[in-house]
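# Commentary on secondary and tertiary structure
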Amino acid sequence: MKKQLLIFLGTMTLLVAGCGEEESKGVEPAVMTDALFAVMKADRTNYTKLIVKRMGPQGVNAVMPVEHWKDVDNGIPLPAQMFRAGSEAVADMTDSFTYSLQSLWPINSQNAPKTDVEKAGLEYIAANPGMNYYGEETLGDTTYFTAVYPDVAVSDACTQCHNEHKDTPKTDFKVGEVMGGVVIRVPL
Amino acid sequence: MGRLCSNLSGRIVRPLLTLIALSTLFGCSNPEEEARLAALAEGEAIVKKNCFVCHGQGINGAPIIGNSKMWAPRLEKGKEALVQSAMNGFGLMPPKGGNTELEEADIQLAVGYMMSQATPEK
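Residues numbered from 1 in each chain as written. Chains lettered and ligands numbered in written order. Predicted model: local features only at pLDDT ≥ 70, side-chain atom pairs only at ≥ 80, totals over all residues. Heavy atoms only, no water.

### Thoughts on the packing of aromatic side chains
All names here are of chain A. Applicable threshold: Geometry of aromatic contacts follows a simple scheme: Phe, Tyr and Trp rings, the Trp one being its six-membered ring, pair when their centres are within 6.5 Å, and the pair is stacked under 30 degrees between planes, edge-to-face over 60, tilted otherwise. Helix and strand definitions follow DSSP, with helices as H or I runs of at least four residues and strands as E runs of at least two, each counted in order from the N terminus. For every residue, the accessible area (1.4 Å probe, protein chains only) is compared with the maximum for its type, and the residue is labelled buried under 20%, exposed over 50%, or partly exposed between those bounds.
Per the counting criterion, the structure on display carries seven aromatic pairs over all chains. Relative to Phe 145, the ring of Tyr 134 lies with its centre 5.8 Å away and its plane at 25 degrees, an arrangement referred to as stacked. Taken together, the positions of Tyr 134 in strand β4 (residues 133-139) and Phe 145 in strand β5 (residues 142-152) put the pair 11 residues apart, joining distant regions of the chain. Overall, Phe 145 belongs to the buried group, its relative accessible area being 9%. Residue Tyr 134 is classed as partly exposed on the basis of its relative accessible area of 35%.

### Digging into the pairing of β5(A)
Residues and elements named next belong to chain A. Short version of the rule: Any two strands with at least two DSSP-identified bridges between them are counted as paired.
Of all 11 residues making up β5, eight are buried, and the element is well covered by its neighbours. Examined bridge by bridge, β4 and β5 share seven bridges and lie antiparallel to one another. Bridge pairing links Glu 137 to Tyr 144 in β5. Linking β4 back to β5 in an antiparallel pair, the connection comprises two residues, with Gly 140 at a positive phi of about 65 degrees.

### As for the packing of helix α4 (residues 79-88) of chain B against helix α5 (residues 104-117) of chain B
For any two helices packed against each other, one specifies the crossing angle of their axes together with the interaxial distance. All names here are of chain B. Filter applied, for reference: Note on method: axes are straight lines fitted to C-alpha atoms, helices fitted across the in-contact stretch only, with angles between N-to-C directions ranging 0 to 180 degrees. Roughly parallel means an angle under 35 degrees; roughly antiparallel, over 145; roughly perpendicular, 65 to 115; everything else is oblique. Handedness of each helix crossing follows the sense of rotation of the near helix against the far helix: counterclockwise by less than a right angle gives left-handed, clockwise gives right-handed. Residues are treated as being in contact if the distance between any of their heavy atoms lies within 4.5 Å. Three categories are distinguished: nonpolar for Ala, Val, Leu, Ile, Met, Phe, Trp, Tyr, Cys and Pro, charged for Asp, Glu, Lys and Arg, and polar for the others, with Gly belonging to the last.
For the pair α4 and α5, interaxial distance at closest approach is 9 Å and the crossing angle is 125 degrees. Here α4 lies oblique to α5, going by the angle between them. At the point where α4 passes α5, the crossing takes the right-handed sense. Note on element contacts: α5 touches α4 through Glu 104, Ile 107, Gln 108, Val 111, Gly 112 and Met 115, opposite Lys 79, Glu 80, Leu 82, Val 83, Gln 84, Ala 86 and Met 87. Here the contact of α4 with α5 is composed, by residue class, of seven nonpolar, three polar and three charged.

### Comments concerning the sheet that holds strand β6 (residues 178-187) of chain A
Note on sheets: strands pair through backbone hydrogen bonds, and any given pair is parallel or antiparallel. Residue and element names in this part refer to chain A. If you walk across this open sheet you meet the four strands as β3-β6-β5-β4, and the pairing is antiparallel. Only two strands of the sheet have a single partner each, and these edge strands are β3 (98-102) and β4. Between one strand axis and the next, the sheet turns by 25 degrees as a mean value, whatever way the strands run. With nine bridges joining them, β5 and β6 adopt antiparallel strand pairing. Residue Val 148 lies in a different strand from β6, and its bridge partner there is Val 183.

### Side note on the nonpolar core
Counted only if it meets this: By nonpolar core is meant a set of buried Ala, Val, Leu, Ile, Met, Phe, Trp, Tyr and Cys residues that side-chain atoms within 4.5 Å join together.
Grouped together as the largest cluster of nonpolar side chains are 17 residues, with contacts concentrated most on Val47(B), Trp71(B), Ile107(B), Val111(B) and Met114(B). Secondary-structure elements contributing two or more residues to this core are α2 (31-55), α4 and α5 of chain B. Broken down by element, this core gets its largest block of residues, six residues, from α5(B). Those residues in contact with Ile107(B) that sit more than four places away from it in its chain are Val83(B), Ala86(B), Met87(B), Lys96(B) and Leu102(B). Listed in part, the 14 residues of the second largest apolar core include Phe83(A), Ala147(A), Val182(A) and Ile184(A).

Keep in mind these numbers describe shape, not what the thing actually does.
Encoded structure:
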């Protein structure tokens, strides 16, 4: 009887002790990357609307948004270049996530996908307009959650420049087409 | 009492059961509702092919389909105003979402579908 009571009390003690621990309240990786992309989208939209369109040739014509903006007195980065500048600034600040603008048809080959997951993601979003791609990959000794979001040709300015660029591998982009993707990577 | 119940059963219940059976068998058609659903299905198909690429993601500020917060001020403008915006372009949205082959009737259906997905905030 005494032995049974001791076993029972011991079991109850273990159970109660386990109840005291709080469960870790983490954020799902997809929730984090979706939130990051929401900020990126908003900033890029605002740069396009408030600076490029308002101050550029279609507005007051005070600035010139152009690829080689550093060579022009009133030159400013194109929205995609501003986006890249942001990703470089983030990479200087933190390793908690990285992001980049990539394409299956890059003008600059360094923006082509480098991993199988990046390639699969870019292919998926091109084939499924409006959808995101989520995957995992191990690079070195770290496993990452990798999300790929569509980058869309939203105006003639996008398609015309890309289609006519001397280094473009694709010359028939249309407005509304997925031209590439934003790859956001979070270590797990 | 038993005879009364039996009479009632014959005069009321049996015809009522017959009516219910016939209604179930042949269905109660509502042409207006059927037309509304058909228009939504057609609109959905147009949206998936042309609009979802931006409105699925909120690219360039496009109100995300089903996002009641983004759609609330748009719903207040009314369908015709939204159709005109889509036809002529609005903000960073190109006319007809970039597909110049779409007719106004297509835009009406697409806008109707997207509005139907934006339920008011509770």
